[in-house]
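Structural overview for review
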Amino acid sequence: MKKFIFTAVILFGCLSFKVADAQIGFGIGVNIGSQPDWGPVGYHHARYYYLPDIDAYYDVNAHQYVYFENGAWVHGAALPSSFGTFDKYHSYKAVINRRNPWEHHADIRARFSAYKGNTEQRAIRDSRDYHYRNHWKEEKNGK
């Protein structure tokens, strides 16, 4: 009877085993491939970008902007026209790996306000780093 229970436990354990999904130690995932071409170079994981030029966020995994409008934080696939001609490729993006960063907006704004207008940050699209090879224009066009 003990052998039967032991065998059942082992079998159940094997059937319920799941391989981790692209995890690096401490529960930090790798999402290089899901970051947009205009994201900043040098980060293997980014949950949100804070965009000090427009005082808004971009949710990397959901592919949505999060901005404050009419007294509430709004999530949308595109920025409204009120943001004008915001240039994602030539603006500063601060990587924020905290859940719901807009709940700590005053702290984040204070920390990154000095980067408003900074155009020196390199975008993934312009990197030749091997980590970003799936963003290279040549590979996207099949060349």
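Residues numbered from 1 in each chain as written. Predicted model: local features only at pLDDT ≥ 70, side-chain atom pairs only at ≥ 80, totals over all residues. Heavy atoms only, no water.

1. Thoughts on the packing of aromatic side chains
- Applying the stated criterion across every chain yields a total of 14 aromatic pairs.
- With 5.4 Å between their ring centres and 90 degrees between their planes, Y48 and W102 make a pair best called edge-to-face. Placement of the pair is Y48 in strand 3 (residues 48-51) and W102 in the loop between strand 7 (94-96) and helix 2 (105-112), with a sequence separation of 54 residues.
- For Y48, a relative accessible area of 3% gives the class buried.
- Three or more aromatic residues link up through ring pairs in this structure, and these residues are Y48, Y50, Y57, F68, W73, Y92, W102, F112 and Y115. (Phe/Tyr/Trp six-rings, centres within 6.5 Å; stacked < 30°, edge-to-face > 60°. Helix = DSSP H or I, 4+ residues; strand = E, 2+ residues; numbered from the N terminus. Buried < 20%, exposed > 50% of the residue type's maximum accessible area, 1.4 Å probe, protein only.)

2. Some words on the pairing of strand 3
- The alternating pattern of strand 3 places Y48 and Y50 on one face and Y49 and L51 on the opposite face, and all of these are buried.
- As defined by bridge partners, strand 3 adjoins strand 4 (residues 56-59) across four bridges and the pair is classed as antiparallel. Within the sheet, the bridge partner assigned to Y49 lies in strand 4 and is Y58.
- Where strand 3 hands over to strand 4, the hairpin turn is made up of four residues, of which D55 adopts a positive phi near 55 degrees. (Pairing = 2+ DSSP bridges.)

3. Looking at the pattern of salt bridges
- This structure, assessed with the given rule, holds two salt bridges.
- R47 is the partner of D59 in a salt bridge, and the nearest nitrogen-oxygen pair spans 2.4 Å. A residue pair is termed long-range when its members are at least 10 positions apart, and D59 in strand 4 and R47 in the loop between strand 2 (28-29) and strand 3 qualify at twelve residues.
- Judged by relative accessible area, D59 falls into the buried class, the value being 6%.
- A relative accessible area of 26% means that R47 is categorised as partly exposed. (Salt bridge = Lys/Arg side-chain N within 4 Å of Asp/Glu carboxyl O.)

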